[in-house]
There are 2 protein chains.
Amino acid sequence: MIMKYKTVIVDDHPIVISGISGLLSDLENIEIVEKFESGIVLLDYIEDNKVDLILMDIFLPVINGVDLCKTIKQKHPKIVIIGMSSQSERSLVMQFIQNGGNGYILKNASFDEFKECIYKAIDGEIVFSEEVKTIISQPLSEDLERIPGLSRRERDIALLLSQGKSTQEIADDLFLSFLTVQTHRRNILQKYKMKNVAELIAFLLKNNMLN
Amino acid sequence: MIMKYKTVIVDDHPIVISGISGLLSDLENIEIVEKFESGIVLLDYIEDNKVDLILMDIFLPVINGVDLCKTIKQKHPKIVIIGMSSQSERSLVMQFIQNGGNGYILKNASFDEFKECIYKAIDGEIVFSEEVKTIISQPLSEDLERIPGLSRRERDIALLLSQGKSTQEIADDLFLSFLTVQTHRRNILQKYKMKNVAELIAFLLKNNMLN
DNA sequence: GGAACAATACCTGATAAAATGTATTTTTTA
DNA sequence: TAAAAAATACATTTTATCAGGTATTGTTCC
């Protein structure tokens, strides 16, 4: 008896579900056991049934693919999850992988790509379809845009701000005057045209400018 | 004439440089053209010399591997960069890839792993050594720790806070009373025991709880 | 149908941050 | 070595946040 990988497809477009199941039907060791149009139903299903592989759309109603992946991986880390979408955005792919995804395929990928990605993913690889690889490995200049960096002192202060410290606490930590810290704060906010510290921290973290 | 990939190794441990160059010396189409112990020197070098592949330690003095990779990729997106370290941490690997890295290898990887990763990376793949793959694809429960989530309204408000909006602006945006927004703010801060909004935003972003 | 949670709203005092203007010293770099 | 950038510091006014307590009305889930 051949062991088949029990596979589930989740996509809110029936036409896509049918397309993918057609593509996968001639893969020998893949057995499509279910097809869902919503993540919530999937969550119920995997509680009661063995699943080895999930192919899921990233843009789903109610619960999005990233959160869905995260939720599943918490309880079932062994399930291999491959994300799919029509268009791809760098940060989205990374977020998906960061939340436990085992790979990411663009829906315009060829049958061969699908096949190869799925086999490799089952084998423990982290897989990406061709176009996704290009997107990831050749980041557009906008992704790595040159933003004028923080000076060393500004960085120190921004880091402490992100830890919830007040101006006075930062001054004490760094053995500076309250007024000096106040000036640095202002300079940082002005440099990036941020309205307040909350927006600043969000900006810095999203651009990997802290740590 | 065989085209060889001009390769540079960057590591602040001479012993590691020698080890890796030993490993790579019998790869046919890899030519080690330089070895550096610091990222700054590397940056100068690539301005004047053709480089195809860089193997770099992540923990470098002065400038760390992630920033170094980012800086290089901005100007030279075609250069393939593989990160290396002795121990691996999930978030660090992801950060490296997010900043343009083409792969990540743990230094305890076998020669075969090194070889395979390097060839695949040159071929356009995003590569990870075995142990890294395991770390990424089977996230520890702590990585996906279940933090009590934000309610829908709290999420709306947190998102607007991360955009630098004030309580009054949020109230206007969501057609709520100023006082209601104030209550939500307080509830969110209390839920995660955060001192202020700056710390909260940092926390939420680091745990992928916004977006 | 009742408990638990979520969303809404109000009040107030203390504290902190933001906006604005200025200025000196030190360090880096062209 | 001169110019530029960074770090330091002071003073004040206005505005916003934080922390405390309280309460009503929907929702959602056993």
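For chain A, an unreviewed UniProt entry supplies the name Two component transcriptional regulator, LuxR family and the organism Flavobacterium nitrogenifigens.

A. Examining the packing of helix 3 (residues 65-75) of chain B against helix 4 (residues 90-98) of chain B more closely. Residue and element names in this part refer to chain B. As a packed pair, helix 3 and helix 4 sit with axes 9 Å apart at the nearest point and diverge in direction by 15°. In this view, helix 3 runs roughly parallel relative to helix 4, as classed from their interaxial angle. For the pair helix 3 and helix 4, the sense of crossing is right-handed. Taking contact as the criterion, the partners of Gly-65, Val-66 and Cys-69 in helix 3 are, on helix 4, Leu-92, Gln-95 and Phe-96.

B. Focus on the protein's contact with DNA strand D. Every one of the 18 residues lining DNA strand D counts as a neighbour, but Ser-151 and Thr-180 of chain A together with Thr-167, Arg-185 and Arg-186 of chain B are closest to it. Of what DNA strand D places within 4 Å of the protein, 54% of the atoms are sugar or phosphate. For DNA strand D, a base nitrogen lies 3.2 Å from a polar atom in the side chain of Thr-183 of chain A. Elements with a contribution of two residues or more to the surface near DNA strand D: helix 7 (152-162) and helix 9 (178-191) of chain A together with helix 9 (178-191) of chain B. Ranked by residues supplied to the surface near DNA strand D, first place goes to helix 9 of chain A with five residues. Considered class by class, the residues forming the surface near DNA strand D number four nonpolar, 10 polar and four charged.

C. How the structure looks around helix 3 of chain B. Of the positions making up helix 3 of chain B, those classed as buried are Gly-65, Val-66, Leu-68, Cys-69, Lys-70, Ile-72 and Lys-73 of chain B. Tucked into the core, helix 3 of chain B has its buried residues touching helix 6 (130-137) of chain A together with helix 2 (39-48), strand 3 (53-57), strand 4 (80-85) and helix 4 of chain B.

D. Main features of the nonpolar core. Among the nonpolar cores identified, the biggest contains 58 residues, and Leu-42, Ile-54 and Met-56 of chain A together with Leu-42, Ile-54 and Met-56 of chain B are the most heavily contacted of them. Residues contacting Ile-54 of chain B, with those up to four places away along its chain left out, are Val-8, Val-10, Leu-42, Ile-46, Ile-72, Ile-79, Val-80, Ile-81 and Ile-82 of chain B. Counting 44 residues, the second largest nonpolar core, distinct from the first, contains Ala-158 of chain A together with Ala-158, Ile-188 and Tyr-192 of chain B.

E. Structural view of the relation of the copies chain B and chain A. Rotating chain B by 180° and translating it 0.1 Å along the rotation axis places it on chain A, where the RMSD comes to 0.2 Å. Seen this way, the second copy is the image of the first under a two-fold rotation axis. Across chain B, the smallest distance between a C-alpha and the rotation axis is recorded for Ala-198 of chain B, namely 2.2 Å. The overlap is high: 96% of the interface residues of chain B also sit at the interface in chain A, so the same surface is used on both sides.

F. Molecular detail of the pattern of salt bridges. Evaluated as defined, the whole model comprises 24 salt bridges over all chains. Here Lys-120 of chain A and Glu-125 of chain B are joined by a salt bridge, their closest N and O atoms 3.8 Å apart. Taken together, the residues Lys-120 of chain A in helix 5 (residues 111-122) and Glu-125 of chain B in the loop between helix 5 (111-122) and strand 6 (127-128) connect one chain to another. Taking relative accessible area as the criterion, Lys-120 of chain A reaches 21% and is therefore assigned partly exposed. With a shortest N-O distance of 2.7 Å, Asp-173 of chain B and Lys-165 of chain B are connected by a salt bridge.

G. Region of interest: the protein's contact with DNA strand C. Around DNA strand C, the structure places 18 residues, and the nearest of them are Arg-185 and Arg-186 of chain A together with Ser-151, Ser-177 and Thr-180 of chain B. When atoms of DNA strand C within 4 Å of the protein are split into backbone and base, the sugar-phosphate part holds 54%. Taking Arg-186 of chain A, its side chain carries an N or O atom lying 2.9 Å from a base oxygen of DNA strand C. One nitrogen or oxygen atom from the side chain of Thr-183 of chain B is found 3.3 Å from a base nitrogen belonging to DNA strand C. Within the residue set of the surface near DNA strand C, elements represented by two or more residues are helix 9 of chain A together with helix 7 (152-162) and helix 9 of chain B.

H. Representation of the side chain of Ser-129 of chain A. Residues and elements named next belong to chain A. Take Ser-129: it is sitting in the loop between strand 6 (127-128) and helix 6. Classification of Ser-129 by relative accessible area gives buried; the value is 2%. In contact with Ser-129, other than residues within four places in its own chain, are Tyr-104, Ile-105, Leu-106, Ala-109, Glu-113 and Cys-117.

I. Representation of unusual backbone geometry within the structure. All names here are of chain B. One non-glycine residue, Phe-175, lies in the positive phi region at around 55°. Within the secondary structure, Phe-175 is located in the loop between helix 8 (167-174) and helix 9. With a phi close to 55°, Lys-193 is a non-glycine residue in the positive phi region. The residue Lys-193 is located in the loop between helix 9 and helix 10 (197-206) in this model. Lys-193 gets classed as exposed once you look at its relative accessible area, which sits at 72%.

J. Inspection of the UniProt feature "modified residue: 4-aspartylphosphate" (unreviewed entry) in chain A at higher detail. Residue and element names in this part refer to chain A. In the UniProt entry, the feature "modified residue: 4-aspartylphosphate" (unreviewed entry) is given for Asp-57. By the element assignment, Asp-57 lies in strand 3 (residues 53-57). For Asp-57, a relative accessible area of 2% translates into the label buried. With residues up to four places along the chain from it excluded, the contact list for Asp-57 reads Val-10, Asp-11, Asp-12, His-13, Gly-65, Met-84, Ser-85 and Lys-107.

K. Representation of the pairing of strand 5 (residues 103-106) of chain B in the model. Residue and element names in this part refer to chain B. Here strand 5 shows no split at all, with Gly-103 and Ile-105 on one side and Tyr-104 and Leu-106 on the other all buried. The handedness of the strand 4 to strand 5 crossover, carried by helix 4, is right-handed. At this point the chain moves from strand 5, through helix 5, to the parallel strand 6, and the crossover so formed is left-handed.

The rules behind these values
Residues numbered from 1 in each chain as written. Chains lettered and ligands numbered in written order. Predicted model: local features only at pLDDT ≥ 70, side-chain atom pairs only at ≥ 80, totals over all residues. Heavy atoms only, no water. Axes fitted to C-alpha atoms, helices over the stretch in contact; angles between N-to-C directions. Helix = DSSP H or I, 4+ residues; strand = E, 2+ residues; numbered from the N terminus. Parallel < 35°, antiparallel > 145°, perpendicular 65-115°, else oblique. Left-handed = near helix turned anticlockwise from the far one by under 90°. Contact = heavy atoms within 4.5 Å. Near = heavy atom within 4 Å. Polar contact = N/O pair within 3.5 Å; in protein donor to acceptor, adjacent residues only side chain to side chain. Nonpolar A, V, L, I, M, F, W, Y, C, P; charged D, E, K, R; others polar. Buried < 20%, exposed > 50% of the residue type's maximum accessible area, 1.4 Å probe, protein only. Core = buried A, V, L, I, M, F, W, Y, C linked by side-chain atoms within 4.5 Å. Least-squares fit on C-alpha atoms with pLDDT ≥ 70 in both. Salt bridge = Lys/Arg side-chain N within 4 Å of Asp/Glu carboxyl O. UniProt positions renumbered as here; feature names shortened; annotations may be inferred. Right-handed = clockwise from strand over helix to strand, strands pointing away.

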